[in-house]
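What follows is each chain in one-letter form.
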Amino acid sequence: MTNDDPGYRLLHIAAFVAIFCLGVSAATIGPVLPFLAGDVDIALDTAGLLMTAFFIGSIGSSALVAFALHGRDTRVLCAVGLGAQLMGTLALGFAPTWPLVLASGLIIGIGDGFVVAGTHILIPATSDDVPSALNKLNIFFALGAIAGPVWAGAVLSTTGDREIVYAGICGLLLAALALMILADVSAHRAFAAPDEEFKPPSSATAWVMGGVLFLYVGAEFGLGTWVSTFARDTADAGVFGAALIAAGYWGALAAGRFVTAWYFRDGREPSLLLAGACAGGGIASLVLTFSSGNIALAAAAAFGAGFFFGPIWPTVTLGNAGGIAIPWLQGRVLVGAGATQGVGVTAVLCAVMFAIVTVFRARRPGARVVQVGDRLA
């Protein structure tokens, strides 16, 4: 069977809706964090540990699929992931205490890892045009990441209730889970594991790029998490306006990914694009730090940072580890030293990434950057 068969069509729709839900969930965290911190009576920077719990869960379940569950029914993996996301999101919306909030983030992350890994096996194995199908996954994640902050901003600016925000997301997850279950089982099969066991990358190039991507995931999710708080603290943006800036950031990131696809059509040099993206992201982040009081400049700089982050593709496990500590540490700086200094962390990360890539290009001019995995973000 191919992706033209009705059974696979419904399966693909379920996968795309699932990825859309992941985008909504991930991008909603930033606008919600100040309200969540107030609800459970914790400091705002402490609330940033929610991202740490999320990434620990996501990395753990992704690694479990890679090392132990590869070859299992991917439809079941996706359904399990959506179920975990649904339970964790419901708990996050109504959790009365900080430990329960943290546990909810961990469960959501576990579900995220299963869904991302499952869809990235399922879609290529059931598609005639694999690059186009994978690109659709990125599109649906981007659409979700744009819709999430808009939804959260609209609800929070009118009611201030995170319960309503997450109840809406639960509705989306329930729809995605129903589609995944209803997809014709007879049109789907488990895909056999490869002959060789999964092994971490062994080349120096892969590990260097993995180090860059470690920093990148922290920079991308760190800025995505805190940009709405920055806009509210420094530019007097309202709840909804700050959420729109967060949505624009994720939308610009998606636009950067589309430009990346165009760039590679003619076989252009990857490391040059990577260096330019790191430099551009650093400059945009630096402009953002000096945009205090100017909401238009802050929005433009946030969009610019997102656009330049687009070409820097994160990885499934190694790169995602950057999300465990960096967003939380950035929140600590933002709360302890000020919003401007907090966003300045992103500029510093971009500078370090640019330095690594520049040295790598100078010392190994003939080497090509390799992608050591794939991860939607």
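Residues numbered from 1 in each chain as written. Predicted model: local features only at pLDDT ≥ 70, side-chain atom pairs only at ≥ 80, totals over all residues. Heavy atoms only, no water.

For helix 11 (residues 295–309), with 15 residues, the first-to-last C-alpha span of 21 Å sits near the 21 Å given by 1.5 Å per residue. Every buried residue of helix 11 is accounted for by Ala298, Ala299, Ala301, Ala302, Gly304, Ala305, Gly306 and Phe309. Among the residues of helix 11, the N-terminal cap falls to asparagine 294, whose side-chain oxygen and the backbone nitrogen of alanine 296 are separated by 3.2 Å. (Helix = DSSP H or I, 4+ residues; strand = E, 2+ residues; numbered from the N terminus. Expected span 1.5 Å × (residues − 1). Buried < 20%, exposed > 50% of the residue type's maximum accessible area, 1.4 Å probe, protein only. Polar contact = N/O pair within 3.5 Å; in protein donor to acceptor, adjacent residues only side chain to side chain.)

It is worth spelling out the packing of aromatic side chains at this point. The description of two aromatic rings rests on the distance between their centres and on the angle between their planes. Across all of its chains, the model carries eight aromatic pairs by this definition. Taking 5.7 Å as the distance between ring centres and 85 degrees as the angle between the ring planes, the aromatic pair formed by tyrosine 216 and phenylalanine 309 counts as edge-to-face. Pair noted here: tyrosine 216 is in helix 8 (residues 204–234) and phenylalanine 309 is in helix 11, with a separation of 93 residues, a long-range link. Across this residue pair, the class does not change: tyrosine 216 and phenylalanine 309 are buried. Each member of the aromatic cluster is reached from another via a ring pair, and the members are Phe54, Phe55, Tyr216, Phe221, Tyr249, Trp250 and Phe309. (Phe/Tyr/Trp six-rings, centres within 6.5 Å; stacked < 30°, edge-to-face > 60°.)

Moving on, we come to the state of the cysteines. The full count for this structure, using the stated rule, is zero disulfides. With no disulfide of its own, cysteine 350 has cysteine 278 as its nearest cysteine by sulfur position, at a separation of 6.5 Å. On the accessibility criterion, cysteine 350 (1% relative accessible area) is buried. (Disulfide = S-S within 2.5 Å.)

With 29 residues, helix 6 (residues 130–158) extends 43 Å between its outermost C-alpha atoms, agreeing within 8% with the 42 Å of an ideal straight helix rising 1.5 Å per residue. With its phi angle positive at about 75 degrees, glycine 160 sits one or two positions after the end of helix 6.

A word on the pattern of salt bridges. Applying the stated criterion across every chain, the model contains three salt bridges. As a salt-bridge pair, arginine 332 and aspartate 45 come within 3.1 Å of each other at their nearest N and O atoms. With a gap of 287 residues between them, arginine 332 in helix 12 (residues 322–337) and aspartate 45 in helix 2 (residues 44–47) connect regions that are remote in the sequence. Under the relative-accessibility criterion, arginine 332 is labelled partly exposed at 44%. Residue glutamate 220 pairs with arginine 257 through a salt bridge whose shortest N-O separation is 3.6 Å. Taken as a pair, glutamate 220 in helix 8 and arginine 257 in helix 9 (residues 239–264) lie far apart in primary sequence, 37 residues in all. For glutamate 220, a relative accessible area of 0% gives the class buried. Given a relative accessible area of 9%, arginine 257 falls into the buried group. (Salt bridge = Lys/Arg side-chain N within 4 Å of Asp/Glu carboxyl O.)

On the surface, Val259, Trp262, Phe307 and Phe308 cluster together to form a nonpolar patch covering roughly 360 Å² of accessible area. Sorting the residues of the nonpolar patch by element identifies helix 9 and helix 11 as the ones contributing at least two each. Residue position: phenylalanine 308 is located in helix 11. The exposure class of phenylalanine 308 is partly exposed, given its relative accessible area of 31%. (Patch = residues over 30% accessible without salt bridge, like charges linked within 9 Å, V, L, I, M, F, W, Y side chains within 5 Å. Areas by Shrake-Rupley, 256 points an atom, 1.4 Å probe, with all protein chains shown as cover.)

Residue position: leucine 273 is located in helix 10 (residues 270–289). In the structure, leucine 273 is positioned 35 residues away from phenylalanine 308 in sequence and 9.7 Å away in space, judged by C-alpha atoms.

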